[in-house]
Amino acid sequence: MPPSADDLARTLRRMPSVDECIRALPADAQHRFNRSYLTSIVRAVQDALRDAIAAGHEPAADSREAIVREVVRRAAARIAADSAAWRPVINATGVVIHTNLGRALLAEEAVDALGAAARSPITLEYDLEKGGRGERDRMVEEELCALTGAQAATVVNNNAAAVLLALNTLAEGREVIVSRGELIEIGGSFRIPDVMRKSGARLREVGTTNRTHPHDYAGAIGPETALLLKVHPSNYRVIGFTAEVSIAELCRLAAERGLAVMEDLGSGALVDLRRFGLHREPVVRERIEAGAGLVTFSGDKLLGGPQAGIIVGRRDLIERIRANPLRRALRCDKLTLAALSATLRIYLRAADLTQTLPVLRLLTRTPQELEIVARRAREILMQRLGADFLIEVAPSSSEIGSGAMPGGEIETRVLRITHPVHSADALAAMFRHADPAVIGRISEGAFTLDMRTIEDPAVLAVSFHRPGSISAGGGR
Ligand SMILES: *Cc1c(COP(=O)(O)O)cnc(C)c1O
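Residues numbered from 1 in each chain as written. Predicted model: local features only at pLDDT ≥ 70, side-chain atom pairs only at ≥ 80, totals over all residues. Heavy atoms only, no water.

Right, let's get into the packing of helix α6 (residues 108-119) against helix α15 (residues 334-348). Packing of α6 against α15 brings their axes to within 8 Å, and their N-to-C directions diverge by 145 degrees. Once α6 is placed against α15, the crossing between them reads as right-handed. Every residue of α15 that contacts α6 at Glu109, Ala110, Ala113, Leu114, Ala117 and Ala118 is listed here: Lys334, Leu335, Ala338, Ala339, Ala342, Thr343 and Ile346. Counted by class, the contact of α6 with α15 contains ten nonpolar, one polar and two charged residues. (Axes fitted to C-alpha atoms, helices over the stretch in contact; angles between N-to-C directions. Helix = DSSP H or I, 4+ residues; strand = E, 2+ residues; numbered from the N terminus. Left-handed = near helix turned anticlockwise from the far one by under 90°. Contact = heavy atoms within 4.5 Å. Nonpolar A, V, L, I, M, F, W, Y, C, P; charged D, E, K, R; others polar.)

Structure follows, in C-alpha coordinates:
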(Lines give C-alpha, C1' and ligand atoms only; values in the text may rest on other atoms or scores of the structure.)
Protein backbone atom coordinates (compact mmCIF):
# COMPACT_ATOMS: atom_id res chain seq x y z
CA MET A 1 0.00 0.00 0.00
CA PRO A 2 1.43 3.41 -0.90
CA PRO A 3 2.30 5.42 2.21
CA SER A 4 0.34 8.55 3.15
CA ALA A 5 1.77 11.84 1.94
CA ASP A 6 2.91 12.76 5.44
CA ASP A 7 4.66 9.45 6.04
CA LEU A 8 6.32 9.71 2.68
CA ALA A 9 7.63 13.22 3.27
CA ARG A 10 8.94 12.13 6.65
CA THR A 11 10.70 9.07 5.21
CA LEU A 12 12.24 11.00 2.35
CA ARG A 13 13.56 13.62 4.75
CA ARG A 14 15.41 10.84 6.53
CA MET A 15 17.42 10.11 3.38
CA PRO A 16 21.00 10.60 4.48
CA SER A 17 23.45 12.69 2.48
CA VAL A 18 25.62 11.11 -0.20
CA ASP A 19 28.68 11.78 1.96
CA GLU A 20 27.22 10.03 4.93
CA CYS A 21 26.38 6.98 2.82
CA ILE A 22 29.85 6.83 1.29
CA ARG A 23 31.40 6.99 4.76
CA ALA A 24 29.20 4.07 5.78
CA LEU A 25 30.37 1.89 2.87
CA PRO A 26 32.75 -0.99 3.61
CA ALA A 27 36.30 0.30 3.94
CA ASP A 28 37.62 -1.70 0.98
CA ALA A 29 35.03 -0.16 -1.35
CA GLN A 30 36.02 3.31 -0.11
CA HIS A 31 39.66 2.59 -0.81
CA ARG A 32 39.35 0.75 -4.06
CA PHE A 33 37.16 3.20 -5.96
CA ASN A 34 37.36 6.91 -6.61
CA ARG A 35 35.02 9.46 -5.13
CA SER A 36 33.05 10.31 -8.27
CA TYR A 37 32.32 6.66 -8.99
CA LEU A 38 31.09 6.07 -5.42
CA THR A 39 29.00 9.25 -5.60
CA SER A 40 27.30 8.16 -8.80
CA ILE A 41 26.50 4.72 -7.37
CA VAL A 42 25.10 6.13 -4.12
CA ARG A 43 22.98 8.71 -5.99
CA ALA A 44 21.54 6.03 -8.26
CA VAL A 45 20.72 3.83 -5.27
CA GLN A 46 19.11 6.72 -3.39
CA ASP A 47 16.96 7.56 -6.43
CA ALA A 48 15.82 3.97 -6.75
CA LEU A 49 15.06 3.81 -3.03
CA ARG A 50 13.06 7.06 -3.14
CA ASP A 51 11.00 5.69 -6.04
CA ALA A 52 10.43 2.42 -4.22
CA ILE A 53 9.35 4.22 -1.03
CA ALA A 54 7.01 6.51 -2.95
CA ALA A 55 5.42 3.52 -4.69
CA GLY A 56 4.97 1.78 -1.34
CA HIS A 57 7.24 -1.10 -2.37
CA GLU A 58 9.73 -0.47 0.41
CA PRO A 59 8.83 -1.93 3.78
CA ALA A 60 8.83 0.87 6.39
CA ALA A 61 12.23 2.44 6.26
CA ASP A 62 11.43 3.82 9.64
CA SER A 63 14.77 4.94 10.96
CA ARG A 64 17.55 6.92 9.44
CA GLU A 65 19.91 4.04 10.29
CA ALA A 66 17.72 1.60 8.40
CA ILE A 67 17.86 3.80 5.33
CA VAL A 68 21.65 4.18 5.52
CA ARG A 69 21.93 0.40 5.90
CA GLU A 70 19.73 -0.17 2.88
CA VAL A 71 21.61 2.34 0.71
CA VAL A 72 24.92 0.80 1.75
CA ARG A 73 23.68 -2.74 1.11
CA ARG A 74 22.48 -1.88 -2.39
CA ALA A 75 25.53 0.23 -3.27
CA ALA A 76 27.90 -2.53 -2.13
CA ALA A 77 25.95 -5.06 -4.23
CA ARG A 78 26.17 -2.80 -7.28
CA ILE A 79 29.88 -2.28 -6.85
CA ALA A 80 30.40 -6.03 -6.56
CA ALA A 81 28.27 -6.71 -9.65
CA ASP A 82 30.14 -3.99 -11.57
CA SER A 83 33.54 -5.43 -10.91
CA ALA A 84 32.28 -8.85 -11.96
CA ALA A 85 30.30 -7.68 -15.00
CA TRP A 86 32.65 -9.18 -17.56
CA ARG A 87 33.93 -12.46 -16.32
CA PRO A 88 35.03 -15.86 -17.46
CA VAL A 89 32.20 -18.36 -17.86
CA ILE A 90 32.04 -22.05 -18.59
CA ASN A 91 30.86 -22.67 -22.13
CA ALA A 92 28.82 -25.87 -21.98
CA THR A 93 26.81 -25.05 -25.10
CA GLY A 94 29.02 -27.22 -27.29
CA VAL A 95 29.23 -24.29 -29.72
CA VAL A 96 32.95 -23.95 -30.30
CA ILE A 97 32.82 -20.56 -32.03
CA HIS A 98 30.19 -18.88 -29.85
CA THR A 99 29.84 -15.23 -30.83
CA ASN A 100 28.20 -14.19 -27.54
CA LEU A 101 30.94 -15.90 -25.54
CA GLY A 102 33.79 -14.29 -27.49
CA ARG A 103 34.25 -16.69 -30.44
CA ALA A 104 37.62 -18.43 -30.91
CA LEU A 105 39.80 -19.17 -27.89
CA LEU A 106 43.38 -18.28 -28.71
CA ALA A 107 46.33 -20.65 -28.77
CA GLU A 108 48.73 -20.19 -25.85
CA GLU A 109 51.36 -18.76 -28.17
CA ALA A 110 48.91 -16.13 -29.37
CA VAL A 111 48.05 -15.23 -25.77
CA ASP A 112 51.76 -14.87 -24.98
CA ALA A 113 52.36 -12.73 -28.07
CA LEU A 114 49.49 -10.49 -27.04
CA GLY A 115 50.95 -10.02 -23.57
CA ALA A 116 54.41 -9.32 -24.96
CA ALA A 117 53.07 -6.70 -27.37
CA ALA A 118 51.17 -5.07 -24.53
CA ARG A 119 54.17 -4.90 -22.18
CA SER A 120 56.98 -3.81 -24.43
CA PRO A 121 57.52 -1.42 -27.35
CA ILE A 122 57.44 -3.41 -30.60
CA THR A 123 58.34 -2.83 -34.25
CA LEU A 124 54.68 -2.30 -35.14
CA GLU A 125 55.36 0.31 -37.82
CA TYR A 126 59.12 0.39 -37.54
CA ASP A 127 61.52 -1.05 -40.07
CA LEU A 128 64.72 -2.12 -38.31
CA GLU A 129 66.65 -2.30 -41.60
CA LYS A 130 65.86 1.23 -42.66
CA GLY A 131 65.56 2.62 -39.16
CA GLY A 132 62.35 4.31 -40.21
CA ARG A 133 58.63 3.94 -40.64
CA GLY A 134 57.32 0.59 -41.82
CA GLU A 135 53.94 -0.84 -42.78
CA ARG A 136 51.77 -1.95 -39.84
CA ASP A 137 50.62 -5.26 -41.28
CA ARG A 138 53.75 -6.23 -43.23
CA MET A 139 54.53 -9.18 -41.01
CA VAL A 140 51.09 -10.77 -41.13
CA GLU A 141 51.01 -10.02 -44.84
CA GLU A 142 54.00 -12.29 -45.47
CA GLU A 143 52.46 -15.02 -43.37
CA LEU A 144 49.07 -14.71 -45.07
CA CYS A 145 50.62 -14.80 -48.53
CA ALA A 146 52.58 -17.93 -47.64
CA LEU A 147 49.42 -19.60 -46.33
CA THR A 148 47.01 -18.61 -49.09
CA GLY A 149 49.14 -18.16 -52.19
CA ALA A 150 47.92 -14.56 -52.52
CA GLN A 151 50.20 -11.77 -53.76
CA ALA A 152 49.29 -9.38 -50.98
CA ALA A 153 47.19 -9.07 -47.83
CA THR A 154 45.93 -6.54 -45.32
CA VAL A 155 44.04 -6.80 -42.05
CA VAL A 156 41.26 -4.69 -40.53
CA ASN A 157 39.00 -4.82 -37.49
CA ASN A 158 36.69 -7.64 -38.57
CA ASN A 159 35.33 -9.28 -41.69
CA ALA A 160 32.39 -6.87 -41.86
CA ALA A 161 34.94 -4.03 -42.04
CA ALA A 162 36.93 -5.96 -44.65
CA VAL A 163 33.87 -6.28 -46.91
CA LEU A 164 32.90 -2.64 -46.40
CA LEU A 165 36.40 -1.37 -47.11
CA ALA A 166 36.95 -3.55 -50.17
CA LEU A 167 33.59 -2.61 -51.70
CA ASN A 168 34.14 1.08 -50.96
CA THR A 169 37.59 1.00 -52.53
CA LEU A 170 36.72 -0.93 -55.66
CA ALA A 171 33.11 -0.05 -56.35
CA GLU A 172 32.01 3.25 -54.80
CA GLY A 173 29.40 4.81 -57.06
CA ARG A 174 29.40 1.77 -59.35
CA GLU A 175 27.67 -1.59 -59.59
CA VAL A 176 28.49 -4.86 -57.88
CA ILE A 177 26.82 -7.99 -59.23
CA VAL A 178 25.66 -10.59 -56.67
CA SER A 179 23.50 -13.70 -56.95
CA ARG A 180 20.12 -13.52 -55.18
CA GLY A 181 21.05 -16.81 -53.54
CA GLU A 182 23.92 -15.07 -51.76
CA LEU A 183 22.26 -11.94 -50.35
CA ILE A 184 22.79 -13.20 -46.86
CA GLU A 185 22.30 -11.93 -43.35
CA ILE A 186 24.79 -12.98 -40.68
CA GLY A 187 23.69 -12.64 -37.06
CA GLY A 188 24.35 -9.25 -35.48
CA SER A 189 22.84 -7.35 -38.44
CA PHE A 190 25.49 -7.90 -41.08
CA ARG A 191 23.45 -7.94 -44.30
CA ILE A 192 25.10 -7.87 -47.67
CA PRO A 193 22.65 -5.31 -49.19
CA ASP A 194 23.11 -2.98 -46.18
CA VAL A 195 26.89 -3.18 -46.16
CA MET A 196 26.84 -2.62 -49.90
CA ARG A 197 24.76 0.55 -49.50
CA LYS A 198 27.05 1.89 -46.77
CA SER A 199 30.07 1.24 -48.98
CA GLY A 200 28.59 3.47 -51.66
CA ALA A 201 28.39 0.62 -54.18
CA ARG A 202 25.15 -0.23 -56.00
CA LEU A 203 23.86 -3.74 -55.66
CA ARG A 204 22.90 -5.46 -58.90
CA GLU A 205 21.06 -8.70 -58.04
CA VAL A 206 21.02 -11.55 -60.52
CA GLY A 207 19.50 -15.03 -60.69
CA THR A 208 16.97 -16.42 -58.23
CA THR A 209 17.10 -17.59 -54.65
CA ASN A 210 17.84 -21.18 -55.57
CA ARG A 211 19.41 -20.97 -59.03
CA THR A 212 21.91 -18.61 -60.63
CA HIS A 213 23.69 -19.34 -63.91
CA PRO A 214 26.78 -17.87 -65.64
CA HIS A 215 24.55 -16.14 -68.22
CA ASP A 216 22.79 -14.28 -65.38
CA TYR A 217 26.06 -12.60 -64.46
CA ALA A 218 27.11 -12.18 -68.10
CA GLY A 219 23.84 -10.45 -68.97
CA ALA A 220 24.19 -7.97 -66.12
CA ILE A 221 27.73 -6.85 -66.87
CA GLY A 222 27.83 -3.35 -68.33
CA PRO A 223 29.82 -0.11 -68.24
CA GLU A 224 28.74 0.52 -64.63
CA THR A 225 30.02 -2.83 -63.36
CA ALA A 226 32.92 -2.56 -60.95
CA LEU A 227 33.06 -6.02 -59.44
CA LEU A 228 31.50 -9.48 -59.31
CA LEU A 229 30.89 -10.48 -55.71
CA LYS A 230 30.48 -14.00 -54.41
CA VAL A 231 29.36 -14.56 -50.82
CA HIS A 232 29.72 -17.82 -48.95
CA PRO A 233 26.29 -18.52 -47.46
CA SER A 234 27.95 -19.60 -44.27
CA ASN A 235 24.97 -20.00 -42.02
CA TYR A 236 22.45 -21.78 -44.20
CA ARG A 237 22.30 -24.13 -47.09
CA VAL A 238 19.99 -24.24 -50.08
CA ILE A 239 19.18 -27.82 -50.97
CA GLY A 240 17.11 -29.43 -53.71
CA PHE A 241 16.79 -27.85 -57.18
CA THR A 242 19.75 -25.50 -57.01
CA ALA A 243 22.47 -24.09 -59.21
CA GLU A 244 25.36 -21.93 -58.21
CA VAL A 245 28.09 -20.49 -60.37
CA SER A 246 31.39 -21.81 -59.08
CA ILE A 247 34.18 -19.44 -58.17
CA ALA A 248 36.24 -20.80 -61.08
CA GLU A 249 33.46 -20.16 -63.62
CA LEU A 250 32.85 -16.72 -62.22
CA CYS A 251 36.55 -15.84 -62.39
CA ARG A 252 36.71 -17.06 -66.01
CA LEU A 253 33.78 -14.84 -66.94
CA ALA A 254 35.26 -11.86 -65.07
CA ALA A 255 38.63 -12.28 -66.77
CA GLU A 256 37.01 -12.27 -70.22
CA ARG A 257 35.31 -8.99 -69.38
CA GLY A 258 38.30 -7.39 -67.65
CA LEU A 259 36.67 -7.45 -64.22
CA ALA A 260 37.69 -8.69 -60.79
CA VAL A 261 35.89 -11.16 -58.53
CA MET A 262 35.76 -10.65 -54.81
CA GLU A 263 34.62 -13.39 -52.46
CA ASP A 264 33.38 -12.94 -48.90
CA LEU A 265 34.27 -16.31 -47.49
CA GLY A 266 33.12 -15.69 -43.89
CA SER A 267 34.80 -18.27 -41.73
CA GLY A 268 37.63 -18.87 -44.20
CA ALA A 269 39.50 -22.07 -43.44
CA LEU A 270 43.24 -22.01 -44.14
CA VAL A 271 43.41 -25.79 -44.45
CA ASP A 272 40.98 -28.44 -45.68
CA LEU A 273 39.12 -29.53 -42.56
CA ARG A 274 38.25 -32.91 -44.04
CA ARG A 275 41.80 -33.77 -43.08
CA PHE A 276 40.56 -33.81 -39.49
CA GLY A 277 37.36 -35.69 -40.22
CA LEU A 278 35.27 -32.51 -40.29
CA HIS A 279 32.89 -31.26 -42.96
CA ARG A 280 34.29 -29.41 -45.88
CA GLU A 281 34.56 -25.64 -45.78
CA PRO A 282 35.94 -23.61 -48.67
CA VAL A 283 39.67 -23.04 -48.25
CA VAL A 284 41.11 -19.58 -48.93
CA ARG A 285 44.02 -20.85 -51.06
CA GLU A 286 41.64 -22.66 -53.48
CA ARG A 287 39.72 -19.47 -54.09
CA ILE A 288 42.93 -17.55 -54.85
CA GLU A 289 44.05 -20.37 -57.16
CA ALA A 290 40.66 -20.27 -58.90
CA GLY A 291 41.37 -16.64 -59.73
CA ALA A 292 39.57 -14.55 -57.09
CA GLY A 293 40.99 -11.02 -57.05
CA LEU A 294 40.17 -10.58 -53.38
CA VAL A 295 39.01 -12.92 -50.63
CA THR A 296 37.83 -11.67 -47.22
CA PHE A 297 37.37 -13.73 -44.06
CA SER A 298 37.31 -13.51 -40.25
CA GLY A 299 40.28 -14.08 -37.96
CA ASP A 300 38.21 -15.45 -35.09
CA LYS A 301 36.06 -18.10 -36.71
CA LEU A 302 37.55 -21.34 -38.06
CA LEU A 303 41.00 -19.78 -38.32
CA GLY A 304 41.08 -19.73 -34.52
CA GLY A 305 42.74 -16.34 -34.01
CA PRO A 306 41.69 -12.93 -32.69
CA GLN A 307 38.85 -10.83 -34.10
CA ALA A 308 40.10 -9.47 -37.39
CA GLY A 309 39.03 -9.06 -41.00
CA ILE A 310 41.56 -10.45 -43.41
CA ILE A 311 41.74 -9.38 -47.05
CA VAL A 312 44.03 -11.33 -49.38
CA GLY A 313 44.42 -11.11 -53.13
CA ARG A 314 46.00 -9.28 -56.05
CA ARG A 315 48.71 -6.77 -55.16
CA ASP A 316 47.22 -3.92 -57.21
CA LEU A 317 43.83 -4.30 -55.51
CA ILE A 318 45.34 -4.55 -52.02
CA GLU A 319 47.42 -1.43 -52.69
CA ARG A 320 44.28 0.49 -53.63
CA ILE A 321 42.66 -0.70 -50.39
CA ARG A 322 45.73 0.41 -48.41
CA ALA A 323 45.47 3.88 -49.92
CA ASN A 324 41.81 4.31 -48.89
CA PRO A 325 41.50 6.76 -45.96
CA LEU A 326 38.71 4.57 -44.57
CA ARG A 327 41.31 1.92 -43.84
CA ARG A 328 42.82 4.13 -41.15
CA ALA A 329 39.45 4.06 -39.38
CA LEU A 330 39.07 0.30 -39.69
CA ARG A 331 42.59 -0.90 -38.97
CA CYS A 332 43.34 -3.13 -36.00
CA ASP A 333 45.63 -2.59 -33.09
CA LYS A 334 48.98 -4.12 -32.18
CA LEU A 335 47.41 -6.65 -29.79
CA THR A 336 45.29 -8.10 -32.57
CA LEU A 337 48.17 -8.16 -35.03
CA ALA A 338 50.46 -9.82 -32.49
CA ALA A 339 47.90 -12.53 -31.70
CA LEU A 340 47.05 -13.02 -35.37
CA SER A 341 50.68 -13.33 -36.39
CA ALA A 342 51.35 -15.89 -33.66
CA THR A 343 48.30 -17.88 -34.80
CA LEU A 344 49.40 -17.78 -38.44
CA ARG A 345 52.86 -18.96 -37.48
CA ILE A 346 51.28 -22.08 -35.97
CA TYR A 347 49.80 -22.84 -39.41
CA LEU A 348 53.20 -22.26 -41.01
CA ARG A 349 54.85 -24.86 -38.79
CA ALA A 350 54.27 -28.49 -39.50
CA ALA A 351 52.72 -28.84 -36.03
CA ASP A 352 49.57 -30.80 -35.45
CA LEU A 353 46.98 -28.03 -35.59
CA THR A 354 44.48 -30.04 -33.57
CA GLN A 355 46.87 -29.96 -30.64
CA THR A 356 47.80 -26.29 -30.70
CA LEU A 357 44.72 -24.44 -31.91
CA PRO A 358 41.86 -24.58 -29.40
CA VAL A 359 39.17 -24.25 -32.10
CA LEU A 360 40.42 -27.30 -33.98
CA ARG A 361 41.21 -29.17 -30.79
CA LEU A 362 37.61 -28.78 -29.59
CA LEU A 363 36.09 -29.54 -32.99
CA THR A 364 38.03 -32.78 -33.36
CA ARG A 365 37.37 -34.33 -29.96
CA THR A 366 35.90 -37.78 -30.48
CA PRO A 367 32.65 -39.11 -29.01
CA GLN A 368 34.76 -41.62 -27.04
CA GLU A 369 36.78 -38.83 -25.39
CA LEU A 370 33.62 -36.87 -24.71
CA GLU A 371 31.92 -39.92 -23.18
CA ILE A 372 34.70 -40.18 -20.58
CA VAL A 373 34.48 -36.48 -19.77
CA ALA A 374 30.70 -36.73 -19.54
CA ARG A 375 30.85 -39.57 -17.01
CA ARG A 376 33.26 -37.70 -14.78
CA ALA A 377 31.27 -34.49 -15.10
CA ARG A 378 28.14 -36.42 -14.13
CA GLU A 379 29.73 -37.63 -10.89
CA ILE A 380 30.89 -34.13 -9.99
CA LEU A 381 27.47 -32.64 -10.59
CA MET A 382 25.62 -35.42 -8.77
CA GLN A 383 27.66 -34.55 -5.70
CA ARG A 384 27.01 -30.84 -6.08
CA LEU A 385 23.32 -31.04 -6.86
CA GLY A 386 22.07 -33.90 -4.72
CA ALA A 387 19.72 -36.78 -5.34
CA ASP A 388 16.71 -34.78 -6.57
CA PHE A 389 18.36 -34.11 -9.87
CA LEU A 390 18.43 -36.68 -12.63
CA ILE A 391 21.61 -36.49 -14.69
CA GLU A 392 22.05 -38.69 -17.74
CA VAL A 393 24.84 -39.02 -20.27
CA ALA A 394 23.35 -38.94 -23.78
CA PRO A 395 24.53 -38.72 -27.39
CA SER A 396 23.69 -35.51 -29.22
CA SER A 397 25.22 -33.20 -31.81
CA SER A 398 27.04 -29.89 -31.46
CA GLU A 399 26.84 -26.92 -33.75
CA ILE A 400 30.09 -25.27 -34.74
CA GLY A 401 28.72 -21.77 -34.44
CA SER A 402 29.29 -18.41 -36.09
CA GLY A 403 27.83 -19.70 -39.29
CA ALA A 404 30.57 -22.18 -40.01
CA MET A 405 29.57 -25.46 -41.67
CA PRO A 406 25.79 -25.05 -41.69
CA GLY A 407 24.14 -28.39 -41.17
CA GLY A 408 27.58 -29.79 -40.44
CA GLU A 409 26.80 -30.84 -36.89
CA ILE A 410 29.23 -33.10 -35.12
CA GLU A 411 28.55 -35.99 -32.81
CA THR A 412 28.95 -35.21 -29.13
CA ARG A 413 28.02 -36.33 -25.61
CA VAL A 414 25.88 -34.25 -23.30
CA LEU A 415 24.58 -34.35 -19.76
CA ARG A 416 20.81 -34.03 -19.69
CA ILE A 417 19.80 -32.60 -16.33
CA THR A 418 16.21 -32.75 -15.12
CA HIS A 419 14.40 -32.19 -11.85
CA PRO A 420 10.93 -33.41 -10.75
CA VAL A 421 9.79 -29.87 -9.90
CA HIS A 422 11.98 -27.32 -11.63
CA SER A 423 11.72 -26.57 -15.35
CA ALA A 424 14.61 -26.66 -17.80
CA ASP A 425 14.51 -22.85 -17.85
CA ALA A 426 14.84 -22.72 -14.08
CA LEU A 427 17.80 -25.10 -14.21
CA ALA A 428 19.42 -22.99 -16.92
CA ALA A 429 19.02 -19.92 -14.66
CA MET A 430 20.47 -21.79 -11.69
CA PHE A 431 23.56 -22.71 -13.71
CA ARG A 432 23.89 -19.18 -15.06
CA HIS A 433 23.92 -17.87 -11.51
CA ALA A 434 26.50 -20.37 -10.33
CA ASP A 435 30.05 -19.30 -9.59
CA PRO A 436 31.58 -19.44 -12.14
CA ALA A 437 28.54 -19.21 -14.42
CA VAL A 438 27.80 -22.23 -16.58
CA ILE A 439 26.08 -21.64 -19.92
CA GLY A 440 24.29 -24.69 -21.33
CA ARG A 441 21.45 -25.14 -23.78
CA ILE A 442 17.92 -26.44 -23.66
CA SER A 443 17.33 -29.35 -25.93
CA GLU A 444 14.20 -31.49 -26.19
CA GLY A 445 12.87 -29.95 -22.99
CA ALA A 446 15.92 -30.77 -20.86
CA PHE A 447 18.72 -28.55 -19.63
CA THR A 448 21.81 -29.84 -21.40
CA LEU A 449 25.55 -29.46 -20.90
CA ASP A 450 27.50 -30.31 -24.04
CA MET A 451 30.93 -31.79 -23.30
CA ARG A 452 32.41 -30.68 -26.66
CA THR A 453 33.43 -27.36 -25.10
CA ILE A 454 34.35 -28.77 -21.66
CA GLU A 455 37.94 -30.00 -21.69
CA ASP A 456 38.36 -30.58 -17.97
CA PRO A 457 35.24 -31.85 -16.19
CA ALA A 458 36.64 -30.50 -12.88
CA VAL A 459 35.62 -26.99 -13.97
CA LEU A 460 32.04 -28.06 -13.33
CA ALA A 461 32.68 -28.22 -9.59
CA VAL A 462 30.99 -24.81 -9.34
CA SER A 463 29.20 -23.30 -6.35
CA PHE A 464 25.49 -22.88 -6.63
CA HIS A 465 24.41 -19.76 -4.79
CA ARG A 466 21.33 -21.17 -3.20
CA PRO A 467 21.97 -24.84 -2.66
CA GLY A 468 18.78 -26.77 -2.38
CA SER A 469 16.65 -23.94 -3.74
CA ILE A 470 16.70 -22.36 -7.15
CA SER A 471 15.45 -19.13 -8.57
CA ALA A 472 12.73 -19.79 -11.07
CA GLY A 473 13.16 -16.44 -12.79
CA GLY A 474 14.96 -15.89 -16.03
CA GLY A 475 17.68 -13.94 -14.24
CA ARG A 476 19.76 -11.35 -15.99
C1 LIG B 1 30.79 -14.02 -40.16
C2 LIG B 1 30.65 -13.48 -41.52
C3 LIG B 1 30.78 -12.10 -41.76
C4 LIG B 1 31.05 -11.14 -40.64
O5 LIG B 1 32.33 -11.34 -40.13
P6 LIG B 1 32.80 -10.66 -38.76
O7 LIG B 1 34.21 -11.07 -38.59
O8 LIG B 1 31.88 -11.14 -37.71
O9 LIG B 1 32.67 -9.18 -38.96
C10 LIG B 1 30.65 -11.64 -43.04
N11 LIG B 1 30.38 -12.48 -44.07
C12 LIG B 1 30.25 -13.81 -43.89
C13 LIG B 1 29.95 -14.69 -45.07
C14 LIG B 1 30.38 -14.35 -42.60
O15 LIG B 1 30.24 -15.68 -42.42
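Picking up where we left off.
This part takes up the nonpolar core. Counting 55 residues, the largest nonpolar core has Phe297, Val312, Tyr347 and Leu363 as its most contacted members. For this core, the two domains that each supply at least three residues are domain 2 (90-99 + 363-469) and domain 3 (108-354). Core analysis: the second largest hydrophobic core is formed by 31 residues, Ala152, Leu294, Ile311 and Ile318 among them. (Core = buried A, V, L, I, M, F, W, Y, C linked by side-chain atoms within 4.5 Å. Buried < 20%, exposed > 50% of the residue type's maximum accessible area, 1.4 Å probe, protein only. Domains from an automatic or database assignment.)

Turning our attention to the packing of helix α8 (residues 159-171) against helix α13 (residues 315-322). Direction vectors running N to C along α8 and α13 enclose 100 degrees, while the axes themselves pass 9 Å from each other. Judged by the angle between their axes, α8 and α13 are roughly perpendicular. On the side of α8, the interface is formed by Leu165, Ala166, Thr169 and Leu170, while α13 contributes Leu317, Arg320 and Ile321. Its residues assigned to classes, the contact of α8 with α13 comprises five nonpolar, one polar and one charged. (Parallel < 35°, antiparallel > 145°, perpendicular 65-115°, else oblique.)

Looking now at the sheet that holds strand β12 (residues 309-313). Taken in spatial order, the seven strands of this open sheet run β4-β12-β11-β10-β9-β5-β8, and their pairing is mixed. Two strands bound the open sheet, and with one partner strand each, they are β4 (152-156) and β8 (202-206). Adjacent strand axes in the sheet meet at a mean angle of 25 degrees, parallel and antiparallel pairs treated alike. Across three bridges, the pairing between strand β5 (residues 175-179) and strand β9 (residues 225-231) is parallel. Bridge assignment links valine 176 to a residue of β9, and that residue is leucine 227. α13 rests against β4, β10 (260-266), β11 (294-298) and β12 of the sheet, and its axis sits at about 30 degrees to β4. (Pairing = 2+ DSSP bridges.)

The subject of this paragraph is the pattern of salt bridges. Should their charged atoms come close, side chains of opposite charge can pair. Taken as a whole and judged by the stated rule, the model has 40 salt bridges. A salt bridge links glutamate 319 to arginine 315; the shortest N-O distance between them is 3.2 Å. Taken together, the residues glutamate 319 and arginine 315, both in helix α13 and four residues apart, mark about one turn of the helix. Judged by relative accessible area, which is 34%, glutamate 319 ranks as partly exposed. Residue classification places arginine 315 among the partly exposed positions, given a relative accessible area of 35%. Across the pair arginine 413 and glutamate 371 runs a salt bridge, and its minimum N-O distance is 2.7 Å. One end of the pair, arginine 413, is in strand β14 (residues 410-418); the other, glutamate 371, is in helix α18 (residues 367-385), with 42 residues separating them in the sequence. A single network of salt bridges, built from pairs that share partners, joins Glu135, Asp137, Arg138, Glu141, Arg315, Glu319, Arg322 and Arg327. (Salt bridge = Lys/Arg side-chain N within 4 Å of Asp/Glu carboxyl O.)

To continue, consider the side chain of lysine 230. Note that lysine 230 resides in strand β9. The exposure class of lysine 230 is buried, given its relative accessible area of 2%. Filtering out sequence-adjacent residues up to four positions away, lysine 230 remains in contact with Glu182, Glu244, Val245, Ser246, Ile247, Leu250, Met262, Glu263, Asp264 and Arg287.

Before going further, it helps to spend a moment on the site of the ligand. Looking at the ligand, there are 13 residues lining it, with Arg103, Ser234, Asp264, Ser298 and Lys301 nearest. Measuring from a nitrogen atom of the ligand, one finds a side-chain N or O atom of aspartate 264 at 2.6 Å. A distance of 2.8 Å separates an oxygen atom of the ligand from a polar atom in the side chain of lysine 301. Surface burial for the ligand is 94%, taken as the share of its 380 Å² of free accessible area covered by protein chains. Mapped onto the shell around the ligand, the elements with two or more residues apiece are α8 and β10. A class-by-class count of the residues in the shell around the ligand yields four nonpolar, six polar and three charged. (Near = heavy atom within 4 Å. Polar contact = N/O pair within 3.5 Å; in protein donor to acceptor, adjacent residues only side chain to side chain. Areas by Shrake-Rupley, 256 points an atom, 1.4 Å probe, with all protein chains shown as cover.)

Right, let's talk about the domain arrangement of the protein for a bit. Examined at the domain level, the protein breaks down into domain 1 (5-83), domain 2 (90-99 + 363-469) and domain 3 (108-354). For domain 2 and domain 3, the distance between their C-alpha centres works out to 35 Å.

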